[in-house]
Each structure stands twice: as structure tokens, then as C-alpha cells.
Amino acid sequence: MIPAMTPLAPSERTRVHRLPQRADYDARTIAAILDRGFVAHVGFVIGGQPVVIPTTYVRLGDELFVHGSPRSGMLRAASDRIPLCVTVTLLDGLVLARSAFHHSMNYRSVVVFGEGRLVDAADEKRAVLEQLVNRFVRGRAEVVRAPNEIELKATSVIAVSLTEASAKIRTGPPLDDAEDLVVPCWAGVLPLRTSVLAAEPAPGVSADREPPEIAAGLLEGATG
Ligand SMILES: Cc1cc2nc3c(=O)[nH]c(=O)nc-3n(C[C@H](O)[C@H](O)[C@H](O)COP(=O)(O)OP(=O)(O)OC[C@H]3O[C@@H](n4cnc5c(N)ncnc54)[C@H](O)[C@@H]3O)c2cc1C
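Notes on the structure follow. Small disclaimer: the values here were computed from a predicted structure and weren't measured.

1. As for unusual backbone geometry
The phi dihedral of Leu19 is positive, around 50°, even though this residue is not glycine. Structurally, Leu19 is set in the segment before β1 (23-24). Positive phi is not limited to glycine here, since Arg81 has a value of about 60°. Mapped onto the secondary structure, Arg81 falls in the loop between α2 (73-79) and β6 (83-96).

Right, dumping it as C-alpha cells:
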């Protein structure tokens, strides 16, 4: 079971100014969004150049973990304790208004400010890598070959503290201006969901191997 987060308060950087009624600093809300997403975008500045890299992640307690080759720019930046900004977005719907201006999206998103902590201890590194695999399907780490020493060496794991984070959530119909209610077009929300389709076995998988309960695991633990 993934540990809970400690409660948060908005900081100078995480206080939402635009449409602040959509902000949420409740650690449970932030954790729920992070635990449903699959892709984080990690932003940092290298030599004056902003870079934003999409990547897999897992939240464990008050930290979000990313992993990759020690040679990856993102992992190097994170281990050098360069300031990072990490975002996760769940897209819930397309909001079609009666005016072009009020078109919008329904979403749940999280923004995190922090710096990386290189996970050195072998035990912690193994535990995080297990949880990263379990993000795909619950219990997956128990049925696959665990990483060997070479693979562990070839993988850096970075933790980013979730102590400075905000969530922002938009729900509901378009917010049309009163005078636009007469515009003769359809308006409303087109809901969007991530769904799991029929599993495609890899070449060589014997026919008596059932695909894991992927859909059940995903729907409980991580869909957009
Ligand atoms: C799918 C999607 C589509 C969007 N489309 C648009 C668009 O087309 N145009 C547009 O202007 N905005 C859009 N937004 C909203 C956008 O993310 C910003 O909230 C908004 O632009 C205000 O930005 P700002 O820099 O003025 O925020 P400010 O309110 O000044 O931000 C201050 C702090 O609030 C927090 N914060 C701001 N936005 C978010 C967020 N989305 N999630 C979590 N924390 C946040 C951060 O910690 C940030 O540092 C969209 C958001 C999502 C998720």
C-alpha cells in the first residue's frame, strides 16, 4: 500500500492566482491525481534553456520518483539538484462553449516545485523500482525477473519532495456569457477517459498464460 501524504499549505510559488477557486492544496487530492496519472512532465533549465521531459513516475508517501539512464539530461539535472518543476495532468473532457473564447477543458492537474534527491541506497532503489513496475499492473514486480546488478547500475532513481505542490481542477459545463446563450450551436462537455483495450500478447507468450487483470488494476489505480 502506498503511504499517504502529509497535509500541505500553499507557498509563494504554488498559490494559484488565476481562477483560485479551482485550486486545491489538500494532500489527499494531490495524491489521488498523482496516483491516477501515468506521465509526469519534468521541467528544468540547463544553460538558460528550459527543457520539459515526459516520463513515468510513482508517488510514494511525500515523494515522487522518476528513473532512467544516468546519462539522461533529466536524470543528470535532477541529481545535480537543479530546481525542477514537475506536472501531471488528467484530461477529463473537452468543454465546447457557444463562444470560441469560452472553450476549455475539464482536468485535474498537479504542479510540484522541488529539487531532486539521488536515491543511492540499494534497498530504497530496489523498492522504488518495484513500485514503478507495479504502477503498470498491481503485483507485476512479483511475477517478472527483478533487475540485476548491471541493470541497477544502469538506472538512476530520483526523488522529488511533494512538500511544495498544488492541484487545480476544472469540472462542469462551459461558462458561456448570457448574451451567447442564443448562439445556435451545440454546447457542452465531451467527456474523455483513458481505457484499456484488448491485451496484445508478446511474441512467444504461451497460449495458456492469461493476461494479468490489467483492466481491473488500472481502473482502480491509474486511469486518466
Ligand atoms: C488540460 C489543461 C488545459 C489548459 N488550458 C489552458 C489554456 O488554454 N489557457 C490558459 O491560460 N490556461 C490553461 N490551463 C490552465 C493553466 O494550467 C494555468 O492554470 C493558467 O494558465 C494560469 O497560469 P498562471 O501561470 O497565470 O498561473 P498562476 O495562477 O499565476 O500560477 C501560480 C501557481 O499556481 C499553481 N498552478 C497554476 N496552474 C496550475 C495547474 N493547472 N495545476 C496545478 N497547479 C497550478 C502553480 O503552482 C503555479 O506556480 C489549462 C490547464 C490544463 C490542465
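2. Notes on the site of the ligand
Neighbouring the ligand are 16 residues; Arg13, His17, Ser109, Ser166 and Lys168 lie closest to it. Here an oxygen atom of the ligand sits 2.7 Å away from a polar atom, N or O, in the main chain of Arg13. With respect to the ligand, the side chain of Ser166 contributes an N or O atom lying 2.8 Å from a nitrogen atom. Taking 870 Å² as the accessible area of the ligand by itself, protein coverage stands at 59%. Among the secondary structure elements, those contributing two or more residues to the shell around the ligand are β6, β7 (104-118) and β9 (165-170). With 5 residues, β7 is the single largest residue contributor to the shell around the ligand. When the residues that make up the shell around the ligand are grouped by side-chain class, the tally is 7 nonpolar, 5 polar and 4 charged.

3. As for the packing of aromatic side chains
Applying the stated criterion to the full structure yields 0 aromatic pairs. Over the aromatic face of Tyr57 sits the side chain of Arg135, whose NZ or CZ is 5.3 Å from the ring centroid.

4. Observations concerning helix α3 (residues 122-136)
With 15 residues, α3 ought to run about 21 Å at 1.5 Å a step, and its terminal C-alpha atoms sit 22 Å apart, in line with that. Those residues of α3 that fall on the buried side of the exposure criterion are Lys125, Val128, Leu129, Leu132, Asn134 and Arg135.

5. Considering the environment of Leu19
Leu19 sits in the partly exposed class, given a relative accessible area of 32%. With 149 residues separating them in the primary sequence, Leu19 and Lys168 have C-alpha atoms 9.1 Å apart.

6. Brief notes about the environment of Asn134
Assignment of secondary structure puts Asn134 in helix α3. For Asn134, a relative accessible area of 16% translates into the label buried. Spatially, the C-alpha atom of Asn134 lies 22 Å from that of Ser206, the residues being 72 residues apart in sequence. If sequence neighbours within four positions are ignored, Asn134 has contacts with Gly139, Arg140 and Ala141.

7. Details of the pattern of salt bridges
Counted according to the given criterion, the structure contains 10 salt bridges. For Arg59, the salt bridge goes to Asp35, with nearest N and O atoms at 2.9 Å. Within this pair, whereas Arg59 is found in strand β4 (residues 58-60), its partner Asp35 is found in helix α1 (residues 27-36), the two being separated by 24 residues in sequence. One connected set of salt bridges, linked through shared partners, spans Glu63, Arg117 and Glu124.

The rules behind these values
Residues numbered from 1 in each chain as written. Predicted model: local features only at pLDDT ≥ 70, side-chain atom pairs only at ≥ 80, totals over all residues. Heavy atoms only, no water. Helix = DSSP H or I, 4+ residues; strand = E, 2+ residues; numbered from the N terminus. Near = heavy atom within 4 Å. Polar contact = N/O pair within 3.5 Å; in protein donor to acceptor, adjacent residues only side chain to side chain. Areas by Shrake-Rupley, 256 points an atom, 1.4 Å probe, with all protein chains shown as cover. Nonpolar A, V, L, I, M, F, W, Y, C, P; charged D, E, K, R; others polar. Phe/Tyr/Trp six-rings, centres within 6.5 Å; stacked < 30°, edge-to-face > 60°. Lys NZ or Arg CZ within 6 Å of the ring centre and 35° of its normal. Expected span 1.5 Å × (residues − 1). Buried < 20%, exposed > 50% of the residue type's maximum accessible area, 1.4 Å probe, protein only. Contact = heavy atoms within 4.5 Å. Salt bridge = Lys/Arg side-chain N within 4 Å of Asp/Glu carboxyl O.

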